[in-house]
Amino acid sequence: MRFTTRQIHEGVEPDPITGSILTPIYQSTTFVQSSVDEYLDKGYSYSRSGNPTVRVLENKLTALEGGADCSCFGTGMSAINAVMMAFLNAGDHAIVSDVVYGGTYRLSTKIYSRFGVEFSFVDTSDAAAVRAAVKDNTRLIITETPANPTLKLTDIAAVSEVAREFGIPHAVDNTFLTPYYQRPLELNADIVVHSTTKYFDGHNATVGGAVISATQELADKVRYIMNATGTIMSPQVAFYTLQGIKTLSVRVDRQSQNAMAVAEFLESHDKVEQVSYPGLKSFPQYELACSQADGFGAMIWFEVKGGLTAGKQLMDNIELWSLAENLGSVESLITHPVTMTHSDVEEAERKRVGILDGLVPVSYTHLTLPTIYSV
Ligand code: PLP
């Protein structure tokens, strides 16, 4: 079965008791056991450890990413937190993409640093730079590709090769492309992380996260943290996400077509300074975008001429796009990373990695493309 069929049918069986075609929301804290000796014979004990509705989503995501197992979380950040907690101890070092969602940067620098974990924010578009950053105590590599917000790409296969050479797990945040366009485990990554809030939900209805691992051993370590820290996704959110995923390919294809049309329009516009979109031939990593993924995605990053004033004017007057955080849903959103998604990244670090502010803080904008709006 192709992806487009599996996104609907994989892991979902009609309810054996009622025939309900949709997986029911098992809104129950606890599950009655047959006897002490047959504890867990039906697979569930308590909804912090596992829930039947959530499990159906986990099985579907495992299949779509081609992994061994998955755990679903209350948010994308709790998924990333579980990966860090599973593999990092005090005194360890982790390599993280220099351009990365602001929340991942914040978790690393403001929380894990308090517990004696050291981070290097490395240009993971350069596998040699990743290799050079590996230390004796490096225990985890986290990359995000395309990266939020500049869309810089990591060569997943090249970084995975470095990770394997040193026996370090490589986790890839695949939120921007989803397994429909990019499957990091096929490129030898060990773990895939998602904010299901984005394209899987697709309707701005829920927040959620997922971690899919290539081996059961890795998956068990992540699930242990999920249970211990109490960060499982709720059955209600799993239900909505299961409905969203059924139309994933249709939405993402249309959103990407729209993104390409808007990127080309912006590139030829005389009031636009520069446009970054992996589908444009002018994108510095265009070849990698074509070889590593089956599509370019629906995020555009662009700068208008005229600095602060022009940027503010655009953000305050744009029609149809709403000024809001989030991405990947059918609504069109425009975001200003410096004041919104990346506000906790220090100015010097933002400048170092190209999330520009200073004289032109709002001229860099971030567009999420809609499904239904046809350009
Ligand atoms: N990863 C990426 C690439 C994101 O863009 C985001 C949120 O914007 C997250 C992770 C965090 O996900 P959540 O907001 O669901 O916690």
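Residues numbered from 1 in each chain as written. Predicted model: local features only at pLDDT ≥ 70, side-chain atom pairs only at ≥ 80, totals over all residues. Heavy atoms only, no water.

## Regarding the domain arrangement of the chain
Often, the extent of an interface is quoted as the loss of accessible area on bringing the components together.
Part 1: Assigned domains within the chain: domain 1 (3-245) and domain 2 (248-363).
Part 2: If you average the C-alpha positions of domain 1 and of domain 2, the two centres end up 25 Å apart.
Part 3: Listed as interface residues are 43 residues of domain 1 and, on the opposing side, 42 residues of domain 2.
Part 4: Together domain 1 and domain 2 conceal approximately 3,500 Å² of surface at their shared face, both sides included; 56% is due to carbon and sulfur atoms.
Part 5: Inspection of the domain 1/domain 2 interface yields three salt bridges.
Part 6: Among the ionic pairs, E346 bridges to K110, the shortest N-O distance being 2.9 Å.
Part 7: In this assembly, domain 1 and domain 2 are joined by 25 residue pairs in polar contact (both at pLDDT 80 or more).
Part 8: Residue assignment for the side of domain 1 that touches domain 2 shows that the elements contributing at least two residues are helix 1 (3-9), helix 4 (102-111), helix 6 (156-166), helix 7 (178-181) and helix 9 (235-245).
Part 9: Ranked by residues supplied to the side of domain 1 that touches domain 2, first place goes to helix 4 with five residues. (Domains from an automatic or database assignment. Contact = heavy atoms within 4.5 Å. Buried area = accessible area lost by both parts, 1.4 Å probe. Salt bridge = Lys/Arg side-chain N within 4 Å of Asp/Glu carboxyl O. Polar contact = N/O pair within 3.5 Å; in protein donor to acceptor, adjacent residues only side chain to side chain. Helix = DSSP H or I, 4+ residues; strand = E, 2+ residues; numbered from the N terminus.)

## Digging into the nonpolar core
Part 1: Ranked by size, the top nonpolar core spans 70 residues in total, and within it L61, M84 and F119 carry the most contacts.
Part 2: When residues in this core are grouped by element, the largest group, six residues, is from helix 3 (residues 76-87).
Part 3: There are two domains that each give this core at least three residues, and those are domain 1 (3-245) and domain 2 (248-363).
Part 4: Discounting residues that sit within four places of it in the chain, M84 has contacts with T104, L107, S108, Y112, F119, L140 and I142.
Part 5: In this structure, A259, V262, L266 and Y277 belong to the second largest nonpolar core, which totals twelve residues. (Core = buried A, V, L, I, M, F, W, Y, C linked by side-chain atoms within 4.5 Å. Buried < 20%, exposed > 50% of the residue type's maximum accessible area, 1.4 Å probe, protein only.)

## Focus: the site of the ligand
Part 1: Near the ligand lie 15 residues; those nearest to it are M77, D173, S195, T197 and K198.
Part 2: The backbone of G76 places a nitrogen or oxygen atom 2.9 Å from an oxygen atom of the ligand.
Part 3: Taking N148, its side chain carries an N or O atom lying 2.9 Å from an oxygen atom of the ligand.
Part 4: Coverage of the ligand by the protein chains reaches 91% of its 390 Å² of free accessible surface.
Part 5: In terms of residues, the shell around the ligand owes the most to one element, helix 3, which gives three residues.
Part 6: In terms of residue class, the shell around the ligand is made up of five nonpolar, seven polar and three charged. (Near = heavy atom within 4 Å. Areas by Shrake-Rupley, 256 points an atom, 1.4 Å probe, with all protein chains shown as cover. Nonpolar A, V, L, I, M, F, W, Y, C, P; charged D, E, K, R; others polar.)

## Thoughts on the side chain of T145
Part 1: In this structure, T145 sits in the loop between strand 4 (138-144) and helix 6.
Part 2: The exposure class of T145 is buried, given its relative accessible area of 0%.
Part 3: Here T145 is in contact with K152, L153, T154, I156, V172, D173, N174, Q182 and Q292, once residues within four sequence places are set aside.

## Details of the environment of P149
Part 1: Examined against the element boundaries, P149 turns out to sit in the loop between strand 4 and helix 6.
Part 2: The exposure class of P149 is buried, given its relative accessible area of 0%.
Part 3: Put simply, P149 and H336 are 187 residues apart on the chain and 9.4 Å apart in space, counted from C-alpha to C-alpha.

## Notes on the environment of D155
Part 1: Looking at the element boundaries, D155 is found in the loop between strand 4 and helix 6.
Part 2: The class for D155 is partly exposed, based on a relative accessible area of 27%.
Part 3: When the C-alpha atoms of D155 and L288 are compared, they prove to be 7.1 Å apart, with 133 residues separating the residues in sequence.
Part 4: When near neighbours in sequence (up to four residues on either side) are disregarded, D155 contacts T124, L288 and Q292.
Part 5: From its side chain, D155 meets the backbone nitrogen of A158 in a polar contact 3.2 Å long.

## Describing the packing of helix 2 (residues 52-65) against helix 9
Each pair of packed helices can be summarised by the angle the axes make with each other and by the distance between the axes.
Part 1: Where helix 2 contacts helix 9, the axes come no closer than 8 Å and their chain directions differ by 40 degrees. As far as their axial angle goes, helix 9 and helix 2 are oblique. As helix 2 runs across helix 9, the sense of the crossing is left-handed. Contact with helix 2, carried on its side by T53, V54, V56, L57, K60, L61 and L64, involves P235, A238, F239, T241, L242 and I245 of helix 9 and no other residues of that element.
Part 2: In terms of residue class, the contact of helix 2 with helix 9 is built from ten nonpolar, two polar and one charged. (Axes fitted to C-alpha atoms, helices over the stretch in contact; angles between N-to-C directions. Parallel < 35°, antiparallel > 145°, perpendicular 65-115°, else oblique. Left-handed = near helix turned anticlockwise from the far one by under 90°.)

## A short note on the packing of helix 3 against helix 4
Part 1: In contact at an axis separation of 10 Å, helix 3 and helix 4 are set at 40 degrees when each is read in the N-to-C sense. By the angle between their directions, the pair helix 3 and helix 4 is classed as oblique. By crossing handedness, the relation of helix 3 to helix 4 is classed as right-handed. Contacts from M77, I80, N81 and M84 in helix 3 reach G103, T104, L107 and S108 in helix 4.
Part 2: Grouping the amino acids of the contact of helix 3 with helix 4 by side-chain chemistry returns four nonpolar, four polar and no charged.

## Here's the deal with the pattern of salt bridges
Part 1: In total, this model carries 14 salt bridges according to the counting rule given.
Part 2: A salt bridge links R223 to E58, with the nearest nitrogen and oxygen atoms 3.2 Å apart. With R223 in helix 8 (residues 216-229) and E58 in helix 2, this residue pair connects regions lying 165 residues apart in the sequence. The same class applies to R223 as to E58, namely buried.
Part 3: Here K135 and E118 are joined by a salt bridge, their closest N and O atoms 2.3 Å apart. Taken as a pair, K135 in the loop between helix 5 (127-133) and strand 4 and E118 in strand 3 (residues 118-122) lie far apart in primary sequence, 17 residues in all.
Part 4: Taking relative accessible area as the criterion, E118 reaches 34% and is therefore assigned partly exposed.

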